[in-house]
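Structural overview for review
What follows is each chain in one-letter form.
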Amino acid sequence: MKIHEYQAKDLFSSYGIPVEQYILCSTADQVAAAYDKLAMQKIVVKAQVLTGGRGKAGGVKLAKSREEATAYAKTILGMKIKEYTVNKVIASQAVNIGSEYYVSFVIDRNTKSVILMMSAEGGMDIEEVAAHTPEKIYKFAIDPLIGIPDYLARKFAFTLFKEIEQVNQMVAILQKLYKLFVNKDASLAEINPLVLTKEEKLIAIDAKMTFDANALYRPPAIHALFEPTEDEQREAYAKEKGFSFVRLDGEIGCMVNGAGLAMGTMDMIKLYGGMPANFLDIGGSSNPNKVIDAMNLLLNDPKVKVVLINIFGGITRCDDVATGLLKAFEQLKTDIPVIVRLTGTNEKEGRQMLQGTRFKVAETMSEATHMAVEASK
Ligand code: GDP
Ligand code: MN
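Now for a quick tour of the structure.

Definitions and limits used
- Residues numbered from 1 in each chain as written.
- Chains lettered and ligands numbered in written order.
- Predicted model: local features only at pLDDT ≥ 70, side-chain atom pairs only at ≥ 80, totals over all residues.
- Heavy atoms only, no water.
- Pairing = 2+ DSSP bridges.
- Helix = DSSP H or I, 4+ residues; strand = E, 2+ residues; numbered from the N terminus.
- Axes fitted to C-alpha atoms, helices over the stretch in contact; angles between N-to-C directions.
- Contact = heavy atoms within 4.5 Å.
- Near = heavy atom within 4 Å.
- Polar contact = N/O pair within 3.5 Å; in protein donor to acceptor, adjacent residues only side chain to side chain.
- Areas by Shrake-Rupley, 256 points an atom, 1.4 Å probe, with all protein chains shown as cover.
- Nonpolar A, V, L, I, M, F, W, Y, C, P; charged D, E, K, R; others polar.
- Phe/Tyr/Trp six-rings, centres within 6.5 Å; stacked < 30°, edge-to-face > 60°.
- Buried < 20%, exposed > 50% of the residue type's maximum accessible area, 1.4 Å probe, protein only.
- Donors = N, O, S within 2.8 Å, 3.2 Å for Na, K, Ca; no water.
- Salt bridge = Lys/Arg side-chain N within 4 Å of Asp/Glu carboxyl O.
- Arc of directions from axis to C-beta.

What follows deals with the sheet that holds strand β3 (residues 60–63). The strands making up a sheet associate through backbone hydrogen bonding, with each pair oriented either parallel or antiparallel. With antiparallel pairing, four strands are arranged side by side in an open sheet as β1-β6-β2-β3. Two strands lie at the open edges of the sheet, namely β1 (22–25) and β3, each paired on one side alone. If you compare each strand with its neighbour and ignore which way they point, the axes differ by 20 degrees on average. Lying on the sheet, helix α2 (residues 28–38) is in contact with β1, β2 (43–47) and β6 (89–93); it crosses β1 at an angle near 165 degrees. This element, helix α3 (residues 66–76), spans β2, β3 and β6 of the sheet and lies at about 165 degrees to β3.

Shown next as structure tokens:
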């Protein structure tokens, strides 16, 4: 789960990590008022969206007057950064950047611990630095039983700084950021850039945090910050309906009973040159409501061009499933091709019931998959 920069900065401040004062705004007028309130010559107008690379996309602008701030707010509010629309910006006190550093704590599966990453190449994409000059990123695994006592914090801080004044500021930031990371069950706490200002002060001018979604019941204050993306909304809907659902990138919507069969269906789609739009296990029973819920989930995804229903009738009989499908589709309004493959108990009866209806009926799994892949092209 991701949170916005301003929310991460609130957490930073509550742990004593230095950040500039900011005001959250959703209109250009509010930004103009914020400019007056911050009483600075220069402010920064920053898009608040749940993605990085805002600077490159034009979502971070340094304004030197009230007029400039208002003009930037007008262009940034409503702009799209990747798939996110900007609804909020912060008007932040500007800093005089001396140099930019990178600092993060992240869970590392290789060392099975939290690692600290630091670099003097802050500000830009850390992935770029990692790809071209990995030696410029310093990594330290943190022993969970030891944490970061003063002597370690100083050792880490000295890799980036020489002046004792700066080292001391860095020590405090590292210890506080680590404490925040652990206390809130974070999976990432990143400052990029951490700025050494011309006045020799270390300040986090960007803040990024992500949290382990499986631990959200523990720090309730964090859960309250959850703003689900469209994909996450779909996943929440599926969870509520009792489905196992994972969104993928293809065009073939899959509705299958049983996780193993669902995996097999996806594999076969790929084998025949198609791309599944999702993994969806609807479980047993032929209840039409379940089919309606599952279809609504699939049709809600604009990428889905065709639906493949692959059902193994064990205890649930195929003729019952066919009845359920016919009933469900009386209520669903869609022209999308729907391919059905039924196998198991009473399969012949089930298939017969679907002949001559809106469904395209297939007998074998490979036949069904073939039809779905063709229809998706
Ligand atoms: P990101 O692109 O989404 O990571 O957004 P950042 O918050 O990291 O901002 C991008 C860049 O804008 C930073 O690396 C800085 O170079 C610049 N920037 C942000 N705030 C200020 C500021 O207060 N003063 C100045 N001069 N530049 C800033
Ligand atoms: Mn940044």
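Now that the structure has been shown, the text picks up again.
For the rest of this paragraph, the subject is the site of ligand 1. As a matter of local geometry, ligand 1 sits amid 16 residues, with K46, R54, G55, V95 and E100 nearest to it. In this structure, an oxygen atom belonging to ligand 1 sits 2.9 Å away from a main-chain N or O atom of V95. Within the side chain of D206, an N or O atom sits 3.1 Å from an oxygen atom of ligand 1. With the chains in place, 78% of the 570 Å² that ligand 1 exposes on its own is no longer accessible. A per-class count over the shell around ligand 1 returns eight nonpolar, four polar and four charged.

This brings us to the packing of aromatic side chains. This structure, assessed with the given rule, holds six aromatic pairs. Residues F105 and F181 carry aromatic rings whose centres are separated by 6.3 Å and whose planes lie at 50 degrees to one another, so their mutual orientation is tilted. Taken together, the residues span a long stretch of sequence, with F105 in strand β7 (residues 97–108) and F181 in helix α6 (residues 164–183) at a distance of 76 residues. Just as F105 is buried, F181 falls in that class too. Ring pairs connect the aromatic residues F105, Y178 and F181, which therefore count as one cluster.

Bringing the coordination of the manganese ion (ligand 2) into the picture now. Within the first shell, the manganese ion (ligand 2) binds the protein through N192 (O) and D206 (OD), at distances of 2.2 Å. Taken together, the residues span a long stretch of sequence, with N192 in strand β10 (residues 186–197) and D206 in the loop between β11 (202–204) and β12 (208–211) at a distance of 14 residues. In terms of burial, N192 and D206 fall into one category: buried.

Its place among the elements puts N296 in helix α10 (residues 288–299). Given the relative accessible area of 37%, N296 is considered partly exposed. Linking N296 and L261, residues 35 residues apart in sequence, is a C-alpha distance of 21 Å. Beyond its immediate sequence surroundings of up to four residues, N296 is in contact with Y237 and L332.

Looking now at the pattern of salt bridges. The full count for this structure, using the stated rule, is 13 salt bridges. A salt bridge links R66 to D36; the nearest nitrogen and oxygen atoms lie 2.9 Å apart. Taken as a pair, R66 in helix α3 and D36 in helix α2 lie far apart in primary sequence, 30 residues in all. For D36, a relative accessible area of 43% translates into the label partly exposed. Beyond isolated ion pairs, a larger network of salt bridges with shared partners links E5, K9, K46, R54 and D206.

Glancing now at helix α12 (residues 347–354). For an α-helix, the turn length of 3.6 residues means that residues three or four places apart are oriented alike. The complete set of buried residues in α12 reads G350, R351 and L354. Looking down the long axis of α12, one finds its buried residues gathered within 95 degrees of arc, a one-sided arrangement. Looking at α12, the residues exposed on the side facing more than 90 degrees away from the buried face are K348 and Q352. Contact partners of the buried residues in α12: α11 (318–331), β17 (338–344) and β18 (360–362). Positive backbone phi, approximately 75 degrees, marks G356, located one or two places after α12.

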